[in-house]
Amino acid sequence: MSATLAYVDAVDLLDADHKLVQKLFLDYQALCDNGAAPEAKQRLALKICGDLGVHTQIEEEIFYPEVRAAIRDDVLMDEALEEHAEAKAAIAQIQAMPPTDAAYDGTVQQLFATVMDHVMDEREQVFLKARYSTADLRGLAPRLYARKKELQSGKPAPMPAGKKKVAS
Ligand SMILES: [Fe+2]
Ligand SMILES: [Fe+2]
């Protein structure tokens, strides 16, 4: 039985990622509250950054193009990409920062706020519009799942373009 059957559709799969990353951010907060060592906080922060990197990549490669074509709302999808860019900037900052930096926790918290704002926008607008569109959300789930596993296993090669190649 395929593990993708654990998800009803693409939205279900993506929102499971959202819930997991939210939990990891709360775990980070708990480490801060308990005065954990910088290395322990960094380990978790880098996991959060890695998970978010994979999540945004599968959205941008597979989910967003399909949804954009189906809902025909470029403004909304462009806003989502801008929010991704904002999150990526914070991720790059965290990845380059020593965990002893005085701004480390604040940068992780800023990423948390950015990500949660974006998650709300996805849930309330992108996912909602996608559900009421012609996008094949069930068909997208196995593609998202396969690409996620590929990226998690360290294969960075981009997906082949969805459009058919035009013979020249
Ligand atoms: Fe998302
Ligand atoms: Fe997103």
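Note that the structure is a prediction, hence the values are computed from the model and not measured.

Draft legend 1. Spatial organisation of the overall build of the chain. When you go through the chain residue by residue, the secondary structure sums to five helices and zero strands. Secondary structure elements of the chain occur, N-terminal to C-terminal, as α-α-α-α-α. Long-range pairs, those at least 24 residues apart, make up 73% of the contacts in the chain between residues at least 6 apart in sequence. In the form shown here, the chain has an accessible surface area of approximately 9600 Å², with 56% of it arising from carbon and sulfur atoms.

Draft legend 2. A look at the coordination of the iron ion (ligand 1). Within the protein, His-18 (NE2), His-55 (NE2), Glu-59 (OE) and Glu-122 (OE) serve as the donor atoms for the iron ion (ligand 1), at 2.1 to 2.2 Å. Metal-centred angles of 83 to 172 degrees between the four donor atoms at the iron ion (ligand 1) mark the site as irregular. Mapped onto the sequence, the residues coordinating the iron ion (ligand 1) show the spacing H-x36-H-x3-E-x62-E. Distance-wise, the iron ion (ligand 2) is placed 3.2 Å from the iron ion (ligand 1), both being coordinated by Glu-59. Of this pair, Glu-59 sits in helix α2 (residues 38-71) while Glu-122 sits in helix α4 (residues 104-131), and the two are 63 residues apart along the sequence. Neither residue differs from the other here; Glu-59 and Glu-122 are each classed as buried.

Draft legend 3. Expanded view of the nonpolar core. Judged by nonpolar contacts, the single largest core of 23 residues is most densely connected at Leu-14, Phe-63, Val-67, Val-126, Leu-137 and Leu-144. Looking at this core, the elements that each hand over two or more residues are α1 (10-33), α2, α3 (74-96), α4 and α5 (137-152). By residue number, the principal contributor to this core is α2, which donates seven residues. Grouped together as the second largest cluster of nonpolar side chains are 21 residues, Ala-45, Ile-94, Met-116 and Val-119 included.

Draft legend 4. Structural detail: the coordination of the iron ion (ligand 2). Those protein atoms acting as donors to the iron ion (ligand 2) are Glu-59 (OE), Tyr-64 (OH), His-84 (NE2), His-118 (NE2) and Glu-122 (OE), and they sit at 2.0 to 2.7 Å. Spacing between the donor residues of the iron ion (ligand 2) along their common chain follows E-x4-Y-x19-H-x33-H-x3-E. By relative accessible area, Tyr-64 is classed as buried at 4%.

Draft legend 5. Spotlight on α2. Along α2, the helix axis deviates most sharply at Glu-60, where the bend reaches about 45 degrees. Arg-72 occupies a position one or two residues after α2 and carries a positive phi of about 55 degrees.

Draft legend 6. Broad picture of the side chain of His-55. The residue His-55 is located in helix α2 in this model. Not counting residues up to four positions away in its chain, the partners in contact with His-55 are Leu-14, Asp-17, His-18 and Glu-122.

Draft legend 7. Looking closely at α3. In a regular helix each residue adds 1.5 Å, so 23 residues correspond to 33 Å; α3 covers 33 Å between its end C-alpha atoms and thus fits that length. Those residues of α3 lying buried are Leu-76, Met-77, Ala-80, Glu-83, His-84, Ala-87, Ala-90, Ile-91 and Ile-94. Looking at the packing, one finds that the buried side of α3 touches α2 and α4.

Draft legend 8. Expanded view of empty space enclosed by the protein. Within the structure shown, the criterion is met by one cavity of 30 Å³ or more. By volume, the largest cavity is sized at about 80 Å³. Lining the largest cavity, in full, are His-18, Val-21, Leu-52, His-55, Thr-56, His-84, Ala-87, Val-115, His-118, Val-119 and Glu-122. Residue assignment for the lining of the largest cavity shows that the elements contributing at least two residues are α1, α2, α3 and α4. The dominant element in the lining of the largest cavity, judged by the number of residues it contributes, is α4, at four residues.

Draft legend 9. Layout of the pattern of salt bridges. All chains considered together, the criterion is met by 14 salt bridges. One salt bridge connects Glu-66 with Arg-143, and the closest N-O pair in it is separated by 3.4 Å. In this pair, Glu-66 sits in helix α2 while Arg-143 sits in helix α5, placing the two residues 77 residues apart along the sequence. When salt bridges that share partners are traced, they join Asp-15, Lys-19 and Arg-123 into one network.

Scoring rules and cut-offs
- Residues numbered from 1 in each chain as written.
- Chains lettered and ligands numbered in written order.
- Predicted model: local features only at pLDDT ≥ 70, side-chain atom pairs only at ≥ 80, totals over all residues.
- Heavy atoms only, no water.
- Helix = DSSP H or I, 4+ residues; strand = E, 2+ residues; numbered from the N terminus.
- Contact = heavy atoms within 4.5 Å.
- Areas by Shrake-Rupley, 256 points an atom, 1.4 Å probe, with all protein chains shown as cover.
- Donors = N, O, S within 2.8 Å, 3.2 Å for Na, K, Ca; no water.
- Tetrahedral: all angles 85-135°; square planar, octahedral: opposite > 155°, others 65-115°.
- Buried < 20%, exposed > 50% of the residue type's maximum accessible area, 1.4 Å probe, protein only.
- Core = buried A, V, L, I, M, F, W, Y, C linked by side-chain atoms within 4.5 Å.
- Bend = angle between axes of the 7 residues up to and from the residue.
- Expected span 1.5 Å × (residues − 1).
- 1 Å grid on protein atoms, 1.4 Å probe; cavity = no way out; pocket = protein on both sides within 12 Å on 5 of 7 lines; lining within 4 Å.
- Points joined across faces, edges and corners; volume = space filled by probe spheres on them.
- Salt bridge = Lys/Arg side-chain N within 4 Å of Asp/Glu carboxyl O.

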